[in-house]
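Results of the structural survey
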Amino acid sequence: MCLEGGCGACVVTLKGVHPVTKEKTTWAVNSCLQNIYSCHGLDIITVEGIGSKKNGMHQVQKRLANFNGTQCGYCSPGMVMNMYSLLESKNGKVTMEEVENSFGGNICRCTGYRPILDAFKSLASDADETLLNLCKDIEDLDGTKTCPKTGTPCIGSCSAIGKVDPKHSLKLTFEDDREWHKIYNLTELFKVMGTIGYRPYQLVAGNPAHGVYRRSADLKVFIDISSVEELRGFKVNDNTLEIGGNVTLTEAMEIFTKVANEKKGFESLKEFVTHIDLIANVPVRNNGTIAGNLALKYANLSFPSDVFVVLEAVGAKIVLFSGAQKQDEHNPLAPSDFLNVSMRRKVIGKIIFPSLSSSFVFRSYKIMPRAQNAHSYVNAAFLLQFNEEKTFIKSASICFGGIDDFFDHAEKLEKFLIGKDIYLNEVLQNACEVLEKEIKPDSDPSISSPEFRKHLAISLFYKFVLNTSPSDKVKSEFKLGGETLKREISSGQQQIDVNEGKSKLYKRIPKVEADIQCTGEAQYVNDIPKFENELHAAFVLGDKVNGRIKSIDASEALNISGVVAFYAAKDIPGLNNFMPLRFKMFNLKIEEVFCRDKLLYHGQPVGIVLAETFDLAYKARKFIKIDYSFDHDDEPIYPTIREVMKAKADDRLFDVPEYYLKASEYGNDKQHKISGHFEIPSTQYHYSMETQQCLVVPSEDDCLDVYSSAQWSDTNQISIAEVLNIPVSNVNTYVRRLGGAFGGKISRQGQIACAAALGSYLTKKPVRLIMSMEDNMRAIGKRFSSMSDYVAEVDNLGKIQTLKHHYIHDQGCSPNEVVQFNTSVYIGNCYNIKSWDVTTQSALTHSASNTWMRAPGTTDAIAMTEHVMEHIARVVGRDPIDVRMENLEDGSEFKTMIPTFINDVKYRERKAAIDKFNLKNRWVKRGIAVSPMKYFIAYFGSMHGIVSIYHGDGSVALSTGGVEMGQGLNTKVMQVASHVLGIPFEKISIKPSNSLNNANDIGSVASVTSEVACYIVKKCCEILMERMKPFKDENPEASWEEIVENAFLKNTDLSATYMYKQEEMETYYVYGLSCAEVEVDLLTGNILLKRVDILEDTGESMSPGIDIGQIEGGFVMGLGIWLTENLIYDPKTAELLTDRSWNYKPPGAKDIPIDFRIKLVQKKPNPCFVLRSKAVGEPPVTMGVVVSFAIRHAIDSARKDNGCEDLWYVLSPPISPEKIILAAGLNIKDFKLN
Ligand SMILES: Cc1cc2nc3c(=O)[nH]c(=O)nc-3n(C[C@H](O)[C@H](O)[C@H](O)COP(=O)(O)OP(=O)(O)OC[C@H]3O[C@@H](n4cnc5c(N)ncnc54)[C@H](O)[C@@H]3O)c2cc1C
Ligand code: FES
Ligand code: FES
């Protein structure tokens, strides 16, 4: 969870009376930003309030559950409440488009969004037939709990609405001299302001600003103005529209739409609506106000306010109030002038929008890293006034944001344009040149380069001119350049085998925990109720790389009331290390729980502070002072592999010869020599919605009960025992479920668990360590980044004769977890590698030790090789798919799979059509690509399971060492148990894993855990069935319960355990193919993912709904690597600059393929696995690379138009708008009309 309005996991619903209309309204808010005192007089409705499994679920909950819209379930309550609020706010009537547009602020890292959107679109008034048909099977929709008083769905408690008297303000005072005022009118507002004196104060509108810039801890007075009637209304005059300063962004959109439709001269307000729709997300816009947004810009000039840029361009005026009846002397103010006046004890009272005659043309733009919920690289708003004939410009307002702190108007361009006809080539060209000279963006490495932003500003102006130009003046090839990409409503198709059998095995069924995930009843670590005397822990992070810790002074922090302790390396009674060294399976090196001496990376934990609350622990750590010394003044810092390579720092590189591949024979037909470079420079953050967390509770006999979000509890148990110097058996671990993990909670969890255990052991109190998103991003390692260089010699058909490939992985700061053991296996993908020589190294950098992340090493391995194939195709001039066919290994499955697949998806026909489209369009290009994936599945270690039948009623409980983290393990296990025992799901329950039942179990890793857990449960159930056979044979008509009881009476053991061993399993391959089609706007760098087809071989899928979800979610996670996710480090300090939801962007709901088609290979049971299925979690991630090839196809056409040399070029992920624009080789000299 982000705690800043960026992820949506915390969304709840508010209901109240609007201060102006007095109507009852409903809206979604992010509870992490909603001040509880602001809820005075409102109803707060949480996910628990609208339904529960026992008392009946709300239809929103039911739909999400039944459409397989949950995996780990951590995002599900937020999703439910966002949809619930939407429905309530629109009286139950929403369109599919509204649904699709409303989830920009709800991140789901697991599902890939498609099933969530389908579930909610099925509730829309225009829901399509296919979705409605899916609902037919959803029984129990009427189970919604209904309030006996109102007849409407029960919200859990009775309403507070109307119980508050708006004539009386409210004042709360707190021990630390802080005050909270809830006021209802301007008179009260200025009365309170008059009492403030010099104390720092804040007006509270909706409070989302805290999500962008953290509120100062020094604030003493808070004045809640959200119910001030005078600030929330609007008025339409003859030539102006006035809206109250604290009209919310959502309300502003409604007002603008209404006025634009009803009143002449205000048509351009529609453009505002489109722009505001791109600000933040629905819950933030529901609370965020026009005035609050402007005030944010006022306080932080670098804030790329969208409101500011649009208001400034259109000539809107701000009216300040400095008293209840008093307007400010400066009124009315242009937004740019407002930035220069004192705001002490003043409020933004209203905004005045002018009407614009038909001689005006207004457009605005916002270009950002993903489709929704991101701040802009550059935003722009342009207003031109023409003479009647539209032959010259009378006035011009050209505004840009995101250039530098002070830039608003392009004044030189504005001057230049007066009297000119911009729809003449020459004038346009000169205008672009003026702009090029005028715009000088500042440098902000966490956003994008100044060159890109300058280019973007010019191309946005060009886009505007194309868009507003008389149609006959624009060459047809240029016309689409004037449009913004239009995303249609997305849809999905899933083609799976239908299994006719009676049992639920091999059937598409909802996840077993889906209901409790959608009702908020599913319990994660941080849902475990608070213990008495419980303490909260926060890591203290070091920030001077290469510095040696001389001393740490925690005295100031410890003086704060409620702060209990600070512990560092010196307090560890055992070994300062969280790697399970005694675990001989891996060759592990020490990694310190707390840095004792030299800081290895910016963000490395140096200790923990313990306090009575979460907020206090995080506050206290700021008062802890660390003193460092340095061995040398200029010891180099290498945040990433790029700096290591640039500095040729060989001492940071080490060979990993055990993973070299050696060619066995070379070909002789060497017609072309191809050399190139490939890199995935930025690693990927796991972004599990549940951050790393652990709760440790002291228990009897000097034991510790450890509830951690761990994928591998056994290693945690060993590390904790080693750190505390206690027996391993004194550490009791429990894992119920994880809110996502993706590999990040395999080994790294040890550090969190050890730190929390140390706190608990030393204080003898329960300690809860919940990492904030920023800490999680800074302190914990991520996906290994990689780069490679290759030289291939090929024949004229592109068949490889020799290949020398050298790749390097970025280890981060430790050599643990060498991922080459994966990369070396997968780098061959589906190709004949007899002539390949592959060598590899690892690089040590100054970043957190990188770690396993879904498809680790394999994602880059397959990408590297497919990249080489694309490069070869370019050089030999063949279609890349033909070059791939040329290089397939003998007897490859793909020899038949590829032709069938490309035929099914009509690859060649679509490619021909795309090439035609590209010839006819200069500024919008399309691309298509196909890529294969062959994924090796292997098993390791051992794992236990237990199945117990209770003779009391024949119910069954089971547990395995497998951890449910969204992959659907529990559902599959349940399907198997129900199938083998022949009893319904209702009779079976799944219990958490723990260190008693699951002693020494291997972690839940590498996609195979579901298969392994199913195998174990199958074995246990078979043992039990064998034991009960005599009793069934004796009485074939007896019920299950009778057979159980009879067996019990004969002292039959009704508990069975089984331990799976790696040797029992055979390895096998998963095959997959993907095809992606994209549309690229070359003037903005934005893309539309028009269609993606995936064919994956899941064997005989045990649970096709779950497997489809894994494929879609995995693919979308892969998309993140190639399109949007970027970890940027400060080159001087190695500080991670993108450590928040504000600047690190996984794909959102509108970044997924518009047309997303998944097909499972039909009727192909896996002979290597007793249950005939295949692993499914990781392989789809590797298929995301296909999108990069499709984009390359589009850019290739642009480069040709732009006169670039027909050479291969490096296009490293993430392929951001910046990379696209720069790679396309655009030249502003080509920005013409015809
Ligand atoms: C996740 C997220 C994404 C966002 N993305 C964008 C984006 O892309 N583009 C964008 O432009 N914005 C963005 N924002 C900002 C958002 O648009 C809000 O408008 C902004 O946070 C202000 O919120 P608020 O009005 O509730 O003010 P608050 O948060 O309540 O207060 C903010 C400041 O405004 C002052 N203030 C409030 N009302 C008045 C008034 N009447 N007179 C004087 N001062 C006043 C307060 O004193 C305070 O200092 C984002 C915010 C979040 C949380
Ligand atoms: S939006 Fe509130 S926790 Fe992320
Ligand atoms: S199910 Fe959405 S984050 Fe896991």
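A quick note: this is a predicted structure, and the numbers were derived from the prediction, not measured.

Conventions we followed
- Each chain has its residues counted from 1, running along the sequence as written.
- As a convention, the first chain written is A and the first ligand written is 1, with the rest following in written order.
- In view of the model being predicted, local features appear only for residues whose pLDDT reaches at least 70, and side-chain atom pairs are presented and counted only at 80 or more, with totals across whole chains, interfaces and linings using the full set of residues.
- Hydrogens are left out, water is left out, and the side-chain values use all remaining heavy atoms of the structure.
- Each helix is a run of DSSP H or I of at least 4 residues and each strand a run of E of at least 2, with the numbering of both proceeding from the N terminus.
- Each radius of gyration reported is based on C-alpha atoms, and the globular scaling rule is 2.2 Å times the count of residues to the power 0.38.
- Buried residues are those whose accessible area, probed at 1.4 Å on protein chains only, stays under 20% of the maximum for their type, while exposed residues exceed 50% and partly exposed ones sit between those limits.
- Each accessible area value is a Shrake-Rupley result obtained with a 1.4 Å probe; residue values ignore everything except the protein chains displayed when judging cover.
- The sign given to each residue is positive for Lys and Arg and negative for Asp and Glu; His and the chain ends receive no count.
- Think of each charge as sitting on NZ of Lys, CZ of Arg, CG of Asp or CD of Glu.
- The set of buried Ala, Val, Leu, Ile, Met, Phe, Trp, Tyr and Cys residues whose side-chain atoms join them within 4.5 Å is what this entry labels a nonpolar core.
- Throughout, a residue-residue contact means that at least one pair of heavy atoms, one from each residue, lies within 4.5 Å.
- Here a polar contact is recorded for every N or O atom pair within 3.5 Å, except that within protein the pair must consist of a potential hydrogen donor and a potential acceptor, and residues adjacent in sequence are included only if both atoms are side-chain atoms.
- Near residues are defined by distance, with any heavy atom within 4 Å of the molecule or strand qualifying the residue.
- UniProt positions are given in the numbering used here, feature names are shortened, and annotations may be inferred rather than shown by experiment.
- Residue-level confidence of the predictor, termed pLDDT, takes values from 0 up to 100.
- Domain delimitation follows an automatic or database domain assignment.
- For any pair of parts, buried area is found by adding up, for both, the accessible area (1.4 Å probe) each one loses once the two are put together.
- Take a side-chain nitrogen of Lys or Arg and a carboxyl oxygen of Asp or Glu: if they are within 4 Å of each other, that pair is a salt bridge.
- Under the scheme applied here, ten amino acids are nonpolar (Ala, Val, Leu, Ile, Met, Phe, Trp, Tyr, Cys and Pro), four are charged (Asp, Glu, Lys and Arg), and all others, including Gly, are polar.
- Side-chain rings of Phe, Tyr and Trp, where Trp is taken by its six-membered ring, are said to pair if the distance between their centres is within 6.5 Å; with planes under 30 degrees apart they count as stacked, over 60 as edge-to-face, and otherwise as tilted.
- Only when DSSP finds a minimum of two bridges between them are two strands counted as paired.
- Residues form patches when they are more than 30% accessible in relative terms and have no salt bridge. Like charges link within 9 Å. Nonpolar side chains (Val, Leu, Ile, Met, Phe, Trp, Tyr) link within 5 Å.
- To get an axis, a line is fitted to the C-alpha atoms, and for a helix only the part in contact is used. The angle between two axes follows their N-to-C directions and goes from 0 to 180 degrees.
- Note on angle classes: values under 35 degrees are labelled roughly parallel, values over 145 roughly antiparallel, values of 65 to 115 roughly perpendicular, and the remainder oblique.

1. What to know about the overall build of the protein chain
A tally of helices and strands in the protein chain yields 36 helices and 39 strands. Computed over C-alpha atoms, the radius of gyration of the protein chain comes to 31 Å, within 12% of the 33 Å expected from 2.2 N^0.38 for 1234 residues, which places it in the range of a compact globule. Along the first, second and third principal axes, the C-alpha atoms of the protein chain reach 95 × 80 × 70 Å. Burial analysis of the protein chain (1234 residues in total) assigns 63% to the buried set. Of the roughly 46,000 Å² of accessible surface on the protein chain, 51% is carried by carbon and sulfur atoms. Computing the positive centroid from 139 side-chain charges and the negative centroid from 154, the protein chain places the two 3 Å apart.

2. As for the nonpolar core
Of all hydrophobic cores here, the largest spans 245 residues; its most connected members are M83, F120, F400, L417, I422, F461 and V1187. Considering each element in turn, this core owes the most residues, 11 residues, to helix α31 (residues 1009–1034). Once residues lying within four places of it in the same chain are set aside, the contact partners of F120 are V60, L64, M79, V80, M83, V99 and F103. In this structure, I290, L294, V307 and I318 belong to the second largest nonpolar core, which totals 42 residues.

3. Regarding helix α27 (residues 880–887)
Where burial is concerned, most of α27 is hidden: six out of the eight residues are buried. Each element contacted by the buried residues of α27 is listed here: β29 (800–812), α26 (858–876), α28 (894–904), α29 (907–920), β31 (924–937) and α35 (1186–1201). Where α27 begins, the side chain of D879 points an oxygen toward the backbone nitrogen of I881, at a separation of 2.9 Å.

4. What about unusual backbone geometry?
In this model, P1213 is joined to P1214 through a cis peptide bond whose omega is -5 degrees. Within the secondary structure, P1214 sits in the loop between α35 and α36 (1217–1224). Residues other than glycine seldom take positive phi values, yet K648 does so here, at roughly 50 degrees. Taking the relative accessible area as the measure of exposure, K648 reaches 66% and is therefore exposed. Despite not being glycine, D701 has its phi angle at roughly 55 degrees, a positive value. On the secondary structure map, D701 appears in the loop between β24 (693–699) and β25 (703–708).

5. Things to note about the site of ligand 1
Inspection of the region around ligand 1 gives 36 residues, with A205, T289, D306, I348 and K366 positioned closest. Take N293: an N or O atom from its side chain is 3.0 Å from an oxygen atom of ligand 1. For ligand 1, a nitrogen atom lies 2.7 Å from a polar atom in the backbone of I348. Coverage of ligand 1 by the protein chains reaches 93% of its 970 Å² of free accessible surface. Residue contributions to the shell around ligand 1 peak at five residues, all from helix α12 (residues 290–299).

6. Side note on the UniProt feature "binding site: [2Fe-2S] cluster 2" (unreviewed entry) in the protein chain
Following the UniProt record, the feature "binding site: [2Fe-2S] cluster 2" (unreviewed entry) maps to C72, C75, C108 and C110 here. The greatest C-alpha distance among the annotated residues, which extend across 39 residues, is 9.3 Å, indicating that they converge on a single site. Tracing the backbone through its elements, the reader meets C75 in the loop between α2 (59–66) and α3 (76–89). Looking at the element boundaries, C108 is found in the loop between α4 (96–101) and α5 (114–121). Not counting chain neighbours up to four residues away, the residues in contact with C108 comprise C75, M79, Y113 and I116.

7. Description of the confidence of the model for the protein chain
Residues of the protein chain with pLDDT of at least 70 account for 98%, and the chain-wide mean is 94. This model gives residues 139–143 a pLDDT under 50, and the stretch forms eight contacts once residues within four places in sequence are excluded.

8. Let's talk about the domain arrangement of the protein chain
Splitting the protein chain by domain gives domain 1 (11–134), domain 2 (165–354), domain 3 (356–484), domain 4 (525–630 + 721–730 + 737–770) and domain 5 (943–1064). Between domain 1 and domain 4, the C-alpha centre-to-centre distance is 37 Å. Every contact between the two is made by four residues of domain 1 and, on the other side, four residues of domain 4. A combined buried area of about 320 Å² lies between domain 1 and domain 4, and 75% of that area is made up of carbon and sulfur atoms. At the junction of domain 1 with domain 4, the criterion picks out zero salt bridges. Counting every contact that joins domain 1 to domain 4 gives zero residue pairs in polar contact (both at pLDDT 80 or more). Considered class by class, the residues forming the side of domain 1 that touches domain 4 number three nonpolar, no polar and one charged.

9. Points about the packing of aromatic side chains
Taken as a whole and judged by the stated rule, the model has 39 aromatic pairs. Ring plane angle 80 degrees and centroid distance 4.8 Å describe the contact between Y74 and Y524, whose orientation is recorded as edge-to-face. Taken together, the residues span a long stretch of sequence, with Y74 in the loop between α2 and α3 and Y524 in the loop between α18 (514–519) and β17 (535–541) at a distance of 450 residues.

10. Considering the pairing of strand β5 (residues 179–182)
The two faces of β5 match: E179 and H181 on one face and W180 and K182 on the other face are all buried. As defined by bridge partners, strand β4 (residues 170–173) adjoins β5 across four bridges and the pair is classed as antiparallel. Its bridge partner lying in β5, T173 is registered against E179. Linking two consecutive strands that pair antiparallel, namely β4 and β5, is a turn of five residues; a positive phi of about 70 degrees is found at D177 within it. When β5 meets strand β7 (residues 221–224), the two strands line up parallel, connected through four bridges. Directly across from K182, in β7, lies its bridge partner D224.

11. Regarding a nonpolar patch on the surface
A cluster of nonpolar side chains, namely I36, Y37, I44 and F174, defines an oily patch on the protein surface of about 350 Å² accessible area. Here Y37 is to be found in the loop between β2 (24–30) and β3 (43–45). Of the residues examined, Y37 reaches a relative accessible area of 36% and is grouped as partly exposed.

12. Describing the packing of α31 against helix α32 (residues 1040–1049)
The geometry of α31 relative to α32 is characterised by a closest axis approach of 9 Å and an angle of 100 degrees between their N-to-C directions. It follows that α31 is roughly perpendicular to α32 by the angle criterion. Contacts from M1025, M1028, F1031 and K1032 in α31 reach W1040, I1043, V1044, N1046 and A1047 in α32. A class-by-class count of the residues in the contact of α31 with α32 yields seven nonpolar, one polar and one charged.

13. Side note on the sheet that holds strand β12 (residues 347–354)
Strand order in this open sheet of five strands is β8-β9-β12-β10-β11, and the pairing throughout is antiparallel. Where the open sheet ends on each side, the last strands, each with one partner, are β8 (234–236) and β11 (326–327). For strand β10 (residues 317–323) and β11, the ladder comprises two bridges, and the chain directions are antiparallel. Counted as the bridge partner of F321 is Q327 from β11. α12 contacts β9 (240–244), β10 and β12 of the sheet and is inclined by roughly 105 degrees relative to β12.

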